[in-house]
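# Summary of the model geometry
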Amino acid sequence: MWRDTRSGWGLISIFLHWLSALVVVGLFVLGWWMTGLGYFDAWYNLAPWWHRSIGMLLLFATLLRLIWRFMQPTPPSQGSRLERIAAHLGHTALYVLMLLVMVSGYLISTARGRGISVFDWFELPALISHLPNQASIAGEVHWYSALALMLLAAGHALAALKHHYLDRHDTLTRMLNPARSRRR
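This report concerns the structure included in the present document. (Residues numbered from 1 in each chain as written. Predicted model: local features only at pLDDT ≥ 70, side-chain atom pairs only at ≥ 80, totals over all residues. Heavy atoms only, no water.)

### Section: the overall build of the protein
We count it as follows: To qualify as a helix, a DSSP run of H or I must reach at least 4 residues; to qualify as a strand, a run of E must reach at least 2; elements of each kind are numbered from the N terminus. Three exposure classes are used, based on accessible area relative to the maximum for each residue type with a 1.4 Å probe and protein chains only: buried under 20%, partly exposed in between, and exposed over 50%. Contact criterion: two residues are considered in contact whenever any of their non-hydrogen atoms come within 4.5 Å of each other. Residues scored as positive are Lys and Arg, those scored as negative are Asp and Glu, and His as well as the terminal groups of each chain are ignored. Charged side chains are reduced to one point each, which is NZ for Lys, CZ for Arg, CG for Asp and CD for Glu.
Across its full length, the protein carries six helices and two strands. Shown N-terminal to C-terminal, the secondary structure of the protein runs as helices and strands in the order α-α-α-β-β-α-α-α. Summarising its shape, the C-alpha atoms of the protein cover approximately 55 × 30 × 30 Å along the three principal directions. Counting over 184 residues, the protein shows a buried share of 35%. For the protein, restricting intrachain contacts to residue pairs at least 6 apart in sequence, the fraction spanning at least 24 positions comes to 70%. Separation of charge centres in the protein, based on 16 positive and 8 negative side chains, amounts to 12 Å.

This is the structure we're talking about:
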């Protein structure tokens, strides 16, 4: 039940999937909101601190999720051959965009050579800093890759709903309930 099988996702994969979805959407909303804060707003320094801290924890969770996924069997995709290819490409793009958003966020935050404090628990060092226009370029990449990630995530959710309600596949059910996904 904890591990994935060829017939369904285990609890660890399901937990990491939904945690990532919730955190990605939350960070996007927080990031968009905090760009409109004024200098004298009480959240001006606190919101970016939360955004960076959660973002770096998500980076670790995503790396863990990728390692877990490569170590586990993968349940087959459902649908036509074209849908299965699109699902594989879409999942790959989701991972690439998530990593791009988080790495570019790291590069924004470390551009001046300072590390990132993660909830004051530990500090990630600035491994790459002082590159020409590092913060500006990384900021552009961060924004546009975050937008692309949100659009692709919305497409991912719509595809899951299409498979569930129109095609009557158990694609969505497998990601909600590990016991139901193994009945197949």
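On we go.
### As for a nonpolar patch on the surface
Applicable threshold: Note that patches include only residues with greater than 30% relative accessible area and no salt bridge, and the join distances are 9 Å for like charges and 5 Å for nonpolar side chains (Val, Leu, Ile, Met, Phe, Trp, Tyr). Per-residue accessibility takes into account occlusion by the displayed protein chains alone, with areas from the Shrake-Rupley method and a 1.4 Å probe. Criterion for a salt bridge: a side-chain nitrogen of Lys or Arg within 4 Å of a carboxyl oxygen of Asp or Glu.
The grouping of Trp33, Trp43, Leu46 and Trp50 at the surface amounts to a nonpolar patch, some 400 Å² of accessible area in total. Following the sequence through the fold, Trp50 ends up in helix α2 (residues 46-71). According to the relative accessible area criterion, Trp50 is partly exposed, its value standing at 36%.

### Concerning the packing of helix α1 (residues 11-34) against helix α4 (residues 134-166)
Helix-helix packing is described using two parameters, namely the angle between the two axes and the distance between the axes. Definition in use: Axis angles are defined between N-to-C directions and span 0 to 180 degrees, where every axis is a line fitted to C-alpha atoms and, for a helix, only to the segment in contact. Note on terminology: angles under 35 degrees are roughly parallel, angles over 145 are roughly antiparallel, angles of 65 to 115 are roughly perpendicular, and the others are oblique. In this scheme, a crossing is called left-handed if the near helix is turned counterclockwise away from the far one by less than a right angle; it is called right-handed if the turn is clockwise. In this classification, Asp, Glu, Lys and Arg are treated as charged, Ala, Val, Leu, Ile, Met, Phe, Trp, Tyr, Cys and Pro as nonpolar, and every other residue, Gly included, as polar.
Packing of α1 against α4 leaves a shortest axis separation of 11 Å and a crossing angle of 135°. As the angle between them shows, α1 and α4 are arranged oblique. Read as a crossing pair, α1 and α4 show a hand that is left-handed. Where α1 approaches α4, its residues His17, Val24, Val25, Phe28 and Trp32 are matched on the opposing element by Trp143, Ala146, Leu147, Leu149, Met150 and His156. For the contact of α1 with α4, the class distribution of residues is nine nonpolar, two polar and no charged.

### Looking at the nonpolar core
Quick note on the threshold: Note on terminology: a nonpolar core comprises buried Ala, Val, Leu, Ile, Met, Phe, Trp, Tyr and Cys residues joined through side-chain atoms within 4.5 Å.
Of all hydrophobic cores here, the largest spans 20 residues; its most connected members are Val24, Met56, Leu58, Ile116, Val118 and Leu149. Those elements giving two or more residues to this core turn out to be α1, α2, α3 (81-109), β1 (116-118) and α4. The element contributing the most residues to this core is α3, with six residues. Those residues in contact with Val118 that sit more than four places away from it in its chain are Ser53, Met56, Leu57 and Leu124.

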